[in-house]
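Single-letter residue listing:
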Amino acid sequence: MDEIKEEILKDLKKVKNLNELKALRDKFLGKEGKITKLLSKIREIPREERKEYGKRVNLLKEFALKEIERKRKELEGLILEENLKGEWEDLSFYQGEEEGNLHPITKTLNRILQIFLFMNFTLEEGPEVEREDYNFDLLNIPKEHPARDMQDTFYLNREGYLLRTHTSPVQIRTMLKKRPPIRMVSAGKVYRRDDDPTHSPMFFQVEGLVVDRDTNIRQLKYTVRVFLKLFFGQEVKVRFRSSYFPFTEPSLEVDIGCLLCKGKGCGVCKGTGYLEVMGCGMVHSRVLKNCGIDPQEYRGFAFGLGVERLCMLYYQIPNIKLFYENDLRFLKQF
Ligand code: PHE
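Residues numbered from 1 in each chain as written. Predicted model: local features only at pLDDT ≥ 70, side-chain atom pairs only at ≥ 80, totals over all residues. Heavy atoms only, no water.

### Details of the overall build of the chain
Put simply, the rule reads: A run of DSSP states H or I qualifies as a helix once it reaches four residues; a run of E qualifies as a strand once it reaches two. Both are numbered from the N-terminal end. Atoms considered for the radius of gyration are the C-alpha atoms alone. The globule rule reads 2.2 Å times the number of residues to the power 0.38. Each residue is assigned to one of three classes by its accessible area relative to the maximum for its type, calculated with a 1.4 Å probe on protein chains only: buried under 20%, partly exposed between the two thresholds, exposed over 50%. Residues count as neighbours in contact if any of their non-hydrogen atoms are within 4.5 Å of one another. Using a 1.4 Å probe, the Shrake-Rupley method yields the accessible areas, and only the shown protein chains count as cover for residues. Under the convention used here, Asp and Glu are negative, Lys and Arg are positive, and both His and the chain ends fall outside the count. The atoms used to mark charge sites are NZ of Lys, CZ of Arg, CG of Asp and CD of Glu.
On a plain count of helices and strands, the chain comes out with twelve helices and nine strands. In summary, the chain has a C-alpha radius of gyration of 39 Å against a globular reference of 20 Å for 334 residues, an excess of more than 25%. Seen through its principal axes, the chain has C-alpha atoms that stretch 120 × 50 × 40 Å. Looking at the 334 residues of the chain, the share that counts as buried comes to 41%. Within the chain, residue pairs in contact and separated by at least 24 positions form 65% of the contacts whose partners lie at least 6 positions apart. Surface summary for the chain: the accessible area is close to 20,300 Å², and the carbon and sulfur share equals 51%. Side chains of the chain give 58 positive and 52 negative charges; the mean places of these two sets differ by 5 Å.

Structural data, given as structure tokens:
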């Protein structure tokens, strides 16, 4: 039996493929196999030795089966490797595949909207090709206002229509459609004839509007503060500055303490220690009236912010043009 064991091991070493392995199996475990023969010889063994003999032959059989199975696995592994060698081109192709991700502007926009939806604002929509009166007149922007100038606005051949210059016409659309209480945000593309490292002819804005009986400026300031804290994920210094928009009175500009120099003054904040982040104010009584809402009964506040601006501050991106070039080296970083 020991000799057979040795023989199995010696034969197994020479086996190079599955056919040879099958032949080896037959040699030992087939009908005429050496181990099979030993097993059938058990009847010729004297009674008192039979038990011991049977045990040893069975152990030998188990050994053979185990070794053959091990060789089979080894051979199949080799076969797999052999097959893979021919497929190296496909493998490198799959290695080259990359996962996609969302554009930083999309990510920022989603985060902004999530915060406002969390604060119970509803989402409203408006078209990018907008009526001139919704974009200007009803917002109390008079005919001679510089924002209407050819320098700023993309006018269309279609009389009375333009590419909206801000998302504020969605305020008008919402007030014409719904009665107060109103608590809405809107987001989308706006267009201006502007083009430099911090301005793009197309950019994204988010607009907010709240109209109710007791709406006041403290609620506006509180809303802005909570939003900025949630957006930047840290306590930020917030400053309200008196400003002017035709559709709000009073109007405020919102600044935050420069995130880079922490207010000391640097290149990003141009030495002022502050960064402008949004415009806001109490809705002008004339705008409420234009939409059939009685300013004696209702007050409103509104705000508007640039998404690129917030995104640039959040990720510290120096040039707005990077967002639109679709350079993967840039986009992959988010
Ligand atoms: N629409 C203004 C802009 O584009 C921003 C703004 C919105 C200001 C709402 C006040 C209230 O500059």
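### With respect to the site of the ligand
The criterion, for reference: It suffices for a single heavy atom of a residue to lie within 4 Å of a molecule or strand for the residue to be listed as near it. Polar contact criterion, stated in full: a pair of N or O atoms within 3.5 Å, where within protein one must be able to donate a hydrogen and the other to accept it, and residues adjacent in sequence count only if both atoms are side-chain atoms. Note that Gly is not counted as nonpolar here; it falls among the polar residues with everything else outside the nonpolar set of Ala, Val, Leu, Ile, Met, Phe, Trp, Tyr, Cys and Pro and the charged set of Asp, Glu, Lys and Arg.
Taken together, 14 residues lie around the ligand, and His166, Ser168, Arg192, Gln205 and Gly304 are the ones closest in. Separating an oxygen atom of the ligand from a side-chain N or O atom of arginine 192 is a distance of 2.8 Å. When isolated, the ligand has an accessible area of 320 Å², and the protein chains bury 89% of it. Listed by contribution, the elements that provide at least two residues to the shell around the ligand are β5 (202-212), β8 (274-283) and β9 (299-306). Element by element, the count of residues in the shell around the ligand is highest for β9, at three residues. Among the residues forming the shell around the ligand, the class breakdown is five nonpolar, seven polar and two charged.

### Details of the nonpolar core
The following threshold applies: Put simply, buried Ala, Val, Leu, Ile, Met, Phe, Trp, Tyr and Cys residues joined by side-chain atoms within 4.5 Å make one nonpolar core.
Membership of the largest hydrophobic core comes to 50 residues, with the highest contact counts inside it found for Ile112, Phe227, Leu228, Phe232, Val254 and Ile256. Those residues within four positions of isoleucine 112 in sequence are excluded, and the remaining contacts are Val206, Phe227, Phe231, Leu305, Val307 and Leu310.

### Quick notes on the pattern of salt bridges
The cut-off we apply is this: Take a side-chain nitrogen of Lys or Arg and a carboxyl oxygen of Asp or Glu: if they are within 4 Å of each other, that pair is a salt bridge.
Taken as a whole, this structure holds 20 salt bridges when the rule is applied. Two residues, arginine 72 and glutamate 76, come together in a salt bridge whose shortest N-O distance is 2.9 Å. Remark: glutamate 76 and arginine 72 occur in helix α4 (residues 47-85); sequence separation between them is four residues, near one turn of the helix. For glutamate 76, a relative accessible area of 37% gives the class partly exposed. Residue aspartate 195 is joined to lysine 321 by a salt bridge in which the shortest nitrogen-to-oxygen separation is 3.1 Å.

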